[in-house]
Amino acid sequence: MTAWDIKPQGVQGQLKVVGTHAGDLEKALNSMVTAMSEAAQAAGTAVPGTVASTPLQGPVAPGQAPLSRAAAGPVAAALGEYLQMRQPQLKAMAERIQAAVLGAATATNEYVEGDLDTAKQAQDAARSVRLDLLKDMGAGK
C-alpha cells in the first residue's frame, strides 16, 4: 500500500495563499463592474438632448447608488447585458473556489483524524500485547 505524505501545515499555508488570491479576484471583479458602470455613464445616450434626470440603464456596482445621468444608449445597454449574462459564470467561479478550499480543508482534517485513529489503534494493540505478556509472565511463575 502506498503511504500518504500530507503535511497539514503545508496544506493550510496553500489554502491561505488561495484565499488571498480569491480576495484579489473579488477586488478585480468589483473594479471591473465599477469601470463598466462608469463606461456606461460616459457613453451617454443615442438620442441627443435627452433629459438628464432619468437613471442610467448600465451596470451598477453592488452597494453603489444608481447613476444619475441618462445613458440608455446602445453601449450602456450592451454593458448591462454583458454583466447580466456573465453573472452566473462569475457566481459559479466564486462557488468553485469556496468548494475547493473547503474540500481541501475537510480532506486534510479527515486525514489527520485518520492518523490519530490509527495511532490510537496501534497504541491500544501494543497495550493489549503488553498486558498479555505481563499476564503470561505472571502465570509462568
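This is a predicted model, so every value here is computed, not measured.

*Asks:* Is there a simple way to explain the overall build of the protein in this structure?
*Replies:* Looking only at helices and strands, the protein features two helices and zero strands. Taking all 141 residues of the protein together, the buried fraction comes to 14%. When contacts within the protein are restricted to residue pairs at least 6 apart in sequence, those whose partners lie at least 24 apart make up 61%.

*Asks:* What should I look at first to understand the pattern of salt bridges in this one?
*Replies:* Where side chains of opposite charge bring their charged atoms close, a pairing between them can arise. Overall, the coordinates contain two salt bridges when judged by the stated rule. Linking Asp124 and Arg127 is a salt bridge whose minimum nitrogen-to-oxygen distance equals 3.0 Å. Of this pair, Asp124 and Arg127 both sit in helix 2 (residues 74-139), three residues apart, which is roughly one turn of the helix. The class of Asp124 is partly exposed, set by a relative accessible area of 33%.

*Asks:* How do you make sense of helix 1 (residues 8-43) when you look at a structure like this?
*Replies:* Helical geometry note: an α-helix holds 3.6 residues per turn, so side chains three or four residues apart project in the same direction. Taking 1.5 Å of rise per residue, the 36 residues of helix 1 would be expected to cover 52 Å, and the 52 Å separating its terminal C-alpha atoms lies within 8% of that figure. Gly44 sits one or two positions beyond helix 1 and adopts a positive phi of about 70°.

*Asks:* Even after reading the chapter, I still don't get the nonpolar core, so can you show me in this structure?
*Replies:* One broad trend across soluble globular proteins is that nonpolar side chains are buried collectively. Core analysis: the largest hydrophobic core is formed by six residues, namely Val33, Met36, Ala40, Ala76, Leu79 and Leu83. For this core, the elements supplying multiple residues, two or more each, are helix 1 and helix 2.

*Asks:* Would you mind going over the side chain of Thr108 with me for this structure?
*Replies:* For Thr108, the location among the structural elements is in helix 2. With relative accessibility at 9%, the residue Thr108 sits in the buried group. The residues touching Thr108, leaving out its near neighbours within four places in the chain, are Ile6, Pro8 and Val11.

*Asks:* For this particular structure, what's the right way to read a nonpolar patch on the surface?
*Replies:* Where nonpolar side chains cluster on the molecular surface, the patch consists of Val129, Leu131, Leu133, Leu134 and Met137 and spans about 490 Å² of accessible area. Its place among the elements puts Val129 in helix 2. Given the relative accessible area of 49%, Val129 is considered partly exposed.

*Asks:* Mind showing me how you'd approach the environment of Ser37 here?
*Replies:* Within the secondary structure, Ser37 is located in helix 1. Sequence spacing of Ser37 and Leu79 is 42 residues, and the spatial spacing of their C-alpha atoms is 8.0 Å.

Reading the values: the criteria
Residues numbered from 1 in each chain as written. Predicted model: local features only at pLDDT ≥ 70, side-chain atom pairs only at ≥ 80, totals over all residues. Heavy atoms only, no water. Helix = DSSP H or I, 4+ residues; strand = E, 2+ residues; numbered from the N terminus. Buried < 20%, exposed > 50% of the residue type's maximum accessible area, 1.4 Å probe, protein only. Contact = heavy atoms within 4.5 Å. Salt bridge = Lys/Arg side-chain N within 4 Å of Asp/Glu carboxyl O. Expected span 1.5 Å × (residues − 1). Core = buried A, V, L, I, M, F, W, Y, C linked by side-chain atoms within 4.5 Å. Patch = residues over 30% accessible without salt bridge, like charges linked within 9 Å, V, L, I, M, F, W, Y side chains within 5 Å. Areas by Shrake-Rupley, 256 points an atom, 1.4 Å probe, with all protein chains shown as cover.

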